[in-house]
Structures are given as structure tokens and as C-alpha cells.
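Understanding the architecture of this molecule
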Amino acid sequence: MGDRGLLSRAEALRLEPPTWCHACHALLYAPCSGRLFGRVPLRFALLMQLRFDGRLGFPGGFVDLRDGSLEAGLLRELLEELGPGATGLEVGPEEHAGARPGSSDEPRPGQRLVAHLYVKQLQPEQLRDIEEGAARAPDHGLEVLGLVRVPLHTLWDGSGLPEFLQQRFVGSARDQLLDALHRLNLVPGHELERALSLARRSPN
Ligand code: GTP
Ligand code: MN
Ligand code: MN
Ligand code: MN
Ligand code: MN
Ligand code: MN
């Protein structure tokens, strides 16, 4: 879960086209007072999406020079993928949480990807608005098949986060998720370690 290979926004911007292309995705989360089964505290609601390719990832996408800035491109993608609930979202350079260069996937032959992640805490009502608007997003049913909340709890039988971590993720999305859970302490350290070791058991 180390931050090895994580670049700052400025460092990543030195990686230029045509060799490099940039993608920006957003991890949006909010405090959550709910209890599962009236018992297990949920603590946070954190959004990911099921994609057209059957994998899980964060909302966002490719950003290019026409977007003007990384953040403007991210906002355009969020409006396409999340719909009207994303209208009032403000995501700036302060929310940049690191970029991963040259992960396994090549967007186009010979090209390498820099994957930026932005992390933003929302009010519970803002997150709810995004969920409610998601089915009205231009990309809903096309590139995006649905928003999901990530189970952050681990139940007595090892289900919850450990099972979720055995899903398929796009690019470095799984590492991005784990880094953020760790750095924002959305899951306490010992619980995250336990979830990770349970997740290494044989998949279904
Ligand atoms: P198009 O409009 O079809 O181009 O899709 P998009 O602009 O929404 O791009 P998309 O989000 O599918 O992906 C952009 C690039 O980032 C691709 O190379 C993906 O493999 C990769 N990618 C997609 N989602 C994530 C994510 O959550 N995390 C990371 N690290 N990479 C991702
Ligand atoms: Mn039930
Ligand atoms: Mn998109
Ligand atoms: Mn996308
Ligand atoms: Mn796009
Ligand atoms: Mn598209």
C-alpha cells in the first residue's frame, strides 16, 4: 500500500503528449451515520462505479488539452458520468491525491497513461444528490452501468470489504482505493490489514 511511484500534480504534468495521456478520476465520499442491520456502523459512504467493461472504477476519464486544465476535464467527465448531481461539484488542484504513471494498460498502442486521482469529501446530502441523479447521466446505461457504495466494513464471516476487493478493477483503481482508505483513515489500519489478508484467500 506504499505510495511508491506516486507523482504530484506538477510532476505528472511534465509527462507530455503524444507519449503520455492523462486521465483524472474522483473518489467522492461523505460521512454516513447509518448502521447495517441496525448494528454495524457504516461511518462513510464512498462511491465507485460499474463500467461497461464489467470492471469497477472511479468516475472520471481521459482529459486533454482542449479541456483547459486537468480539473476542468475531470468536471466534464463527472457531468457525463454522474449527471445533474455533479453540477455544483468543485474539484481543484487541492484535491489532487497523486498520479500513477505508466500502469499496465496502454490507452493506444505506444501510448502510456498517467492516472490522476482526486479525493473529495462531500456533505451526505451532496452525495445523495449525486446518487439520485446518476440514472439521468448522459453516460448512464452506456459507459456507466451504475454507481455503487463500497462496503467498508468486514463482517464476522469475512464478507464486506474483503469480498469487494476480490472484484475486478480497472487500471490501478484498486490501489487508488486502498491508498485512500489508508491515508484518509476511512478504515482503521488494523481493520484494513485484516480485510486485505482475508481478500487474499481464494476468490469465488
Ligand atoms: P471514453 O469516453 O470512452 O474515452 O472513456 P473515459 O474518457 O471515461 O475514460 P475511462 O474513465 O474509461 O478511462 C480512462 C483511462 O483510465 C483508461 O485507460 C482506463 O483504463 C483508466 N481508468 C478508468 N477508470 C479508472 C480508475 O478508476 N482508476 C484508474 N487508475 N484508471 C482508470
Ligand atoms: Mn434485507
Ligand atoms: Mn467518460
Ligand atoms: Mn470514465
Ligand atoms: Mn471521455
Ligand atoms: Mn465517452
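The following paragraphs examine the structure supplied in this document. (Residues numbered from 1 in each chain as written. Chains lettered and ligands numbered in written order. Predicted model: local features only at pLDDT ≥ 70, side-chain atom pairs only at ≥ 80, totals over all residues. Heavy atoms only, no water.)

Moving on: the coordination of the manganese ion (ligand 3). The coordination sphere of the manganese ion (ligand 3), as far as protein atoms go, consists of Glu77 (OE) and Glu81 (OE), spread over 2.1 to 2.2 Å. In this structure, the manganese ion (ligand 3) lies 3.3 Å away from the manganese ion (ligand 4), the two metals sharing Glu81 as a donor. Linking Glu77 with Glu81, this pair stays in helix H2 (residues 70–82), spanning 4 residues, or about one helical turn. We note that Glu77, like Glu81, is buried. (Donors = N, O, S within 2.8 Å, 3.2 Å for Na, K, Ca; no water. Helix = DSSP H or I, 4+ residues; strand = E, 2+ residues; numbered from the N terminus. Buried < 20%, exposed > 50% of the residue type's maximum accessible area, 1.4 Å probe, protein only.)

Right, let's talk about helix H6 (residues 189–199) for a bit. Of the positions making up H6, those classed as buried are Leu192, Ala195, Leu196, Leu198 and Ala199. Seen from one end, H6 has its buried residues packed into an arc of 165°, which puts them on one side. (Arc of directions from axis to C-beta.)

Per the stated rule, a full pass over the model turns up 10 salt bridges. Of the charged contacts, one joins Arg55 and Asp53 as a salt bridge, the two residues approaching to 3.9 Å between their closest N and O atoms. By relative accessible area, which is 31% here, Arg55 ends up partly exposed. Measuring nitrogen to oxygen at the nearest pair gives 3.0 Å for the salt bridge that ties Glu80 to Arg76. Pair noted here: Glu80 and Arg76 are both in helix H2, with a separation of 4 residues, about one helical turn. It is possible to trace a salt-bridge network through shared partners that takes in Asp67, Arg76, Glu77 and Glu80. (Salt bridge = Lys/Arg side-chain N within 4 Å of Asp/Glu carboxyl O.)

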